[in-house]
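# Chain and residue survey
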Amino acid sequence: MTADKLVRLNRAIAACGLCSRRAADQLIASGKVKVNGKPAADFHLLVNLEKDHLSVSGKVIAVRSYDYILLHKPIGIVSTCQDEHGRKNILGLLPVKLRHLKPAGRLDYDSSGLIFLTNDGALINKLTHPTHEVEKTYRVAVSGKVSQNALEQLASGISLKEAKTRPAKVCLIKNTPHQSLIEIAIKEGKNRQIRRMCAQLGLPVLRLVRTAIGKLQLEGLPSGEWRHLTKSELTGLRKALNLNDQ
């Protein structure tokens, strides 16, 4: 949603981060909302977030600015915002003006690949909630030659200590006596899940790279670098998570 677009009043209030659109309707009905200094009781009133001045209970509100970032995490960097052991974290790879962002999910210290960061809390909640089943894709190099039986077990589910993993998409890319390359796509995120799945089958992981989160792709993003999501990427992500702007 852009700031110079005419939007319904309840949506404009929600865009300022004050509350949900349903709660905004209640504020409008209670007479607490003013537009350009005048009480606003019309639920269908269209406002311009760039030009109109909104206030709720006498407090001026403004549209909240959100950032949506893709980062290629290198090995040896923690994906949390802080680390009790003093190790380097992903925020150090961003300019100071973007260090208020939070990652949607984690990636192991010894793994590399795609991480999504934003200050849009609603989107993070949707993206990380298991009910939305956002698929994450990994390229995994393992020691030794992978058998067809091992591939089938990875795909059907591996019994870990806490539970059996859900079915996964598994594709064998390269298979040699000494090292093999597998692509695995999962819709869950147990702690160090891919590594533990492979370990159960006697396949030590040599290298693990997350190449995609849903339709967001790592390709073209160098290690340690970041970029903003494109408008089409953000639109597609919001649509996939049912976070539309209607």
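About the thresholds
- Residues numbered from 1 in each chain as written.
- Predicted model: local features only at pLDDT ≥ 70, side-chain atom pairs only at ≥ 80, totals over all residues.
- Heavy atoms only, no water.
- 1 Å grid on protein atoms, 1.4 Å probe; cavity = no way out; pocket = protein on both sides within 12 Å on 5 of 7 lines; lining within 4 Å.
- Points joined across faces, edges and corners; volume = space filled by probe spheres on them.
- Nonpolar A, V, L, I, M, F, W, Y, C, P; charged D, E, K, R; others polar.
- Helix = DSSP H or I, 4+ residues; strand = E, 2+ residues; numbered from the N terminus.
- Contact = heavy atoms within 4.5 Å.
- Polar contact = N/O pair within 3.5 Å; in protein donor to acceptor, adjacent residues only side chain to side chain.
- Core = buried A, V, L, I, M, F, W, Y, C linked by side-chain atoms within 4.5 Å.
- Buried < 20%, exposed > 50% of the residue type's maximum accessible area, 1.4 Å probe, protein only.
- Salt bridge = Lys/Arg side-chain N within 4 Å of Asp/Glu carboxyl O.
- Pairing = 2+ DSSP bridges.
- Phe/Tyr/Trp six-rings, centres within 6.5 Å; stacked < 30°, edge-to-face > 60°.
- Arc of directions from axis to C-beta.

## Here we look at the layout of surface pockets
- Taken as a whole, the second largest pocket spans an internal volume of roughly 700 Å³.
- Taken together, 32 residues line the second largest pocket, and the ones lying closest to its centre are G105, R106, L107, G189 and K190.
- Broken down by class, the residue content of the lining of the second largest pocket amounts to eleven nonpolar, ten polar and eleven charged.

## Observations regarding the environment of D108
- Secondary-structure assignment places D108 in the loop between β8 (102-103) and β9 (112-118).
- In sequence terms D108 and K32 are 76 residues apart; their C-alpha atoms lie 47 Å from each other.
- Not counting residues up to four positions away in its chain, the partners in contact with D108 are K73, R192 and R195.
- Within the local environment of D108, its side chain forms a polar contact with the side chain of R195, the two groups lying 3.5 Å apart.

## Things to note about the nonpolar core
- By size, the foremost hydrophobic cluster in this structure holds 30 residues, and its most contacted members are L117, V140, V142, I184 and I194.
- Those elements that place two or more of their residues in this core are β7 (68-73), β9, β10 (136-143), α4 (148-156), β12 (179-186), α5 (193-200) and β13 (205-213).
- Once you skip the residues sitting within four places of it in the chain, V140 turns out to touch S180, L181, I182, I184, I194, C198, V205, R207 and L208.
- Core analysis: the next-biggest nonpolar cluster, separate from the first, contains 19 residues, A104, I213, L218 and L243 among them.

## Focus on the pattern of salt bridges
- The full count for this structure, using the stated rule, is nine salt bridges.
- D120 is paired through a salt bridge with R238; the nearest N and O atoms lie 3.6 Å apart. With a gap of 118 residues between them, D120 in the loop between β9 and α3 (121-128) and R238 in helix α6 (residues 231-240) connect regions that are remote in the sequence. Per residue, the accessibility class of D120 equals that of R238, and both read buried.
- Residues E162 and R196 are paired through a salt bridge, measuring 2.6 Å at the closest nitrogen-oxygen approach. With a gap of 34 residues between them, E162 in the loop between α4 and β11 (169-175) and R196 in helix α5 connect regions that are remote in the sequence.
- According to the relative accessible area criterion, E162 is partly exposed, its value standing at 46%.
- Residue R196 is classed as partly exposed on the basis of its relative accessible area, which comes to 24%.
- Via salt bridges that share partners, D108, R192 and R195 belong to a single interconnected network.

## Focus on the sheet that holds strand β5 (residues 54-56)
- Ordered in space as β3-β2-β5-β6, the four strands form an open sheet in which the pairing is antiparallel. Each edge of the sheet is formed by a strand with only one pairing partner; in this case those strands are β3 (38-39) and β6 (59-61).
- The sheet contact formed by strand β2 (residues 33-35) and β3 spans two bridges and is antiparallel. Directly across from K34, in β3, lies its bridge partner P39.

## A look at the packing of aromatic side chains
- All chains considered together, the criterion is met by two aromatic pairs.
- Ring geometry for Y66 and Y68: centres 6.3 Å apart, planes at 50 degrees, overall tilted.
- Classification of Y66 by relative accessible area gives partly exposed; the value is 28%.
- The class for Y68 is buried, based on a relative accessible area of 11%.
- Residues Y68 and F116 carry aromatic rings whose centres are separated by 6.5 Å and whose planes lie at 20 degrees to one another, so their mutual orientation is stacked. Of this pair, Y68 sits in strand β7 while F116 is found in strand β9, placing the two residues 48 residues apart along the sequence.

## As for α4
- Along α4, the residues that are buried comprise A150, L151 and L154. Along the long axis of α4, the arc covered by the buried residues comes to 100 degrees, so they all point the same way.
- At its buried positions, α4 is contacted by β11, β12 and α5.
- Backbone geometry just after α4 places G157 at a positive phi near 130 degrees.

## Considerations on unusual backbone geometry
- Phi angles above zero are rare outside glycine, and E133 is one such case at about 50 degrees.
- Relative to the helices and strands, E133 is located in the loop between α3 and β10.

## Remarks on helix α2 (residues 21-29)
- Taken residue by residue, α2 has A24, L27 and I28 as its buried positions. Down the axis, α2 shows its buried residues gathered within 100 degrees of arc, on one side only. The exposed residues of α2 that point more than 90 degrees off its buried face are R22, Q26 and A29.

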